[in-house]
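Residues per chain, in single letters:
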Amino acid sequence: MKSLLICSTTFLAAASLVAADKDDVSSAAQKLADADNYSWTTTVETGQNRSPGPSHGKTQKDGLIWVDMTMRDNTTEAYAKSGKGAVKTDDGWEAVDLTAAPARGGGGGGGGGGGGGNPARFMGMRLRTLKAPAAEATDLIGKTKDIAKAGDAYAGDLTEDAAKALLTMGGRGRRGGGGGGGGGGAPSVTDAKGSVKFWLKDGAISKYQIKVSGTVTRNGTDNDVDRTTTVEIKDIGSTTITLPDEAKSKLG
């Protein structure tokens, strides 16, 4: 009876510590959300030569977001605010309605054409599901089973549903829609696994890393995915965003 009581007490103490760790990370995400502004850099590693280049972002408390994205030798930039977006194309700034689903087979916004390699079109699709790091971190915390201190970070495993969603949405939700590469219905996922780590500095999240793996089947073709996405946050309170007049007009 005594040993059972000791085991129960130990279990409750451990559970209490895990809950406290999750609360610490949640508070750190809220502190980041409360900041007047901040910047971030995102890198994606896939273990393949086709990994994209780093992307960058800035946001301020009124909801304005600036991002850029590098594909091959092309860098595309965009702004988003209150359900509206502006993507820079070869012909100038083009408006994107972020509340509307992209047309089947294309039309993500910007640049004319519609080929899958069109950076402006891809950026338009990315804007539709873009979240600033504070919002994304909060979402990840809610989809993590438990979070516990691990060395200099806080770590936990994502739920299976969360891992599946990330595997079918291009990592950080950048690829709107579920069907992936053209045509037939939503992809299926097997052996989905995911984990996340958070680093804190001065009470706010300074970095987080998402790892997902599994097999994604699209149109009968299996694709093994093993991807690590790292978001590093900096210049909290000292970030400035310059919004060109033409882009501003597209945001209404």
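Residues numbered from 1 in each chain as written. Predicted model: local features only at pLDDT ≥ 70, side-chain atom pairs only at ≥ 80, totals over all residues. Heavy atoms only, no water.

What follows covers the packing of aromatic side chains. Applying the stated criterion across every chain, the model contains three aromatic pairs. A centroid spacing of 5.4 Å and a plane angle of 50 degrees characterise the contact between Tyr79 and Trp93, whose relative ring orientation is tilted. Placement of the pair is Tyr79 in strand S4 (residues 74–81) and Trp93 in strand S6 (residues 92–97), with a sequence separation of 14 residues. Both rings, one in Phe198 and one in Tyr208, keep their centres 6.2 Å apart while their planes meet at 35 degrees; by these two values the pair is tilted. (Phe/Tyr/Trp six-rings, centres within 6.5 Å; stacked < 30°, edge-to-face > 60°. Helix = DSSP H or I, 4+ residues; strand = E, 2+ residues; numbered from the N terminus.)

With that settled, the discussion passes to the nonpolar core. Burial of nonpolar side chains together is a common tendency in soluble globular proteins. Of all hydrophobic cores here, the largest spans 46 residues; its most connected members are Phe198, Ile205 and Tyr208. Once residues within four sequence positions are removed from consideration, Phe198 is found in contact with Val25, Ala137, Leu140, Ile141, Ile147, Ala153, Tyr154, Ile205, Lys207 and Tyr208. Leu64, Tyr79, Trp93 and Ile241 belong to the second-largest nonpolar core, a separate cluster that totals eight residues. (Core = buried A, V, L, I, M, F, W, Y, C linked by side-chain atoms within 4.5 Å. Buried < 20%, exposed > 50% of the residue type's maximum accessible area, 1.4 Å probe, protein only. Contact = heavy atoms within 4.5 Å.)

Attention now moves to the sheet that holds strand S1 (residues 37–45). If you walk across this open sheet you meet the 11 strands as S6-S5-S4-S3-S2-S1-S11-S10-S9-S8-S7, and the pairing is antiparallel. Looking at the sheet topology across the chains shown, the edges are occupied by S6 and strand S7 (148–150). Each neighbouring strand pair of the sheet contributes to a mean axis angle of 20 degrees, computed without reference to strand direction. As judged from the seven bridges shared by S1 and strand S11 (residues 221–234), these two strands associate in the antiparallel manner. Its bridge partner being in S11, Thr41 is matched across the sheet by Glu232. Strand contacts of helix H3 (residues 133–142): S1, strand S9 (188–201), strand S10 (204–218) and S11, with the helix running at about 65 degrees to S10, the strand carrying the most contacts. Contacts from helix H4 (residues 160–168) reach S9, S10 and S11, with the element oriented near 80 degrees to S10. (Pairing = 2+ DSSP bridges. Axes fitted to C-alpha atoms, helices over the stretch in contact; angles between N-to-C directions.)

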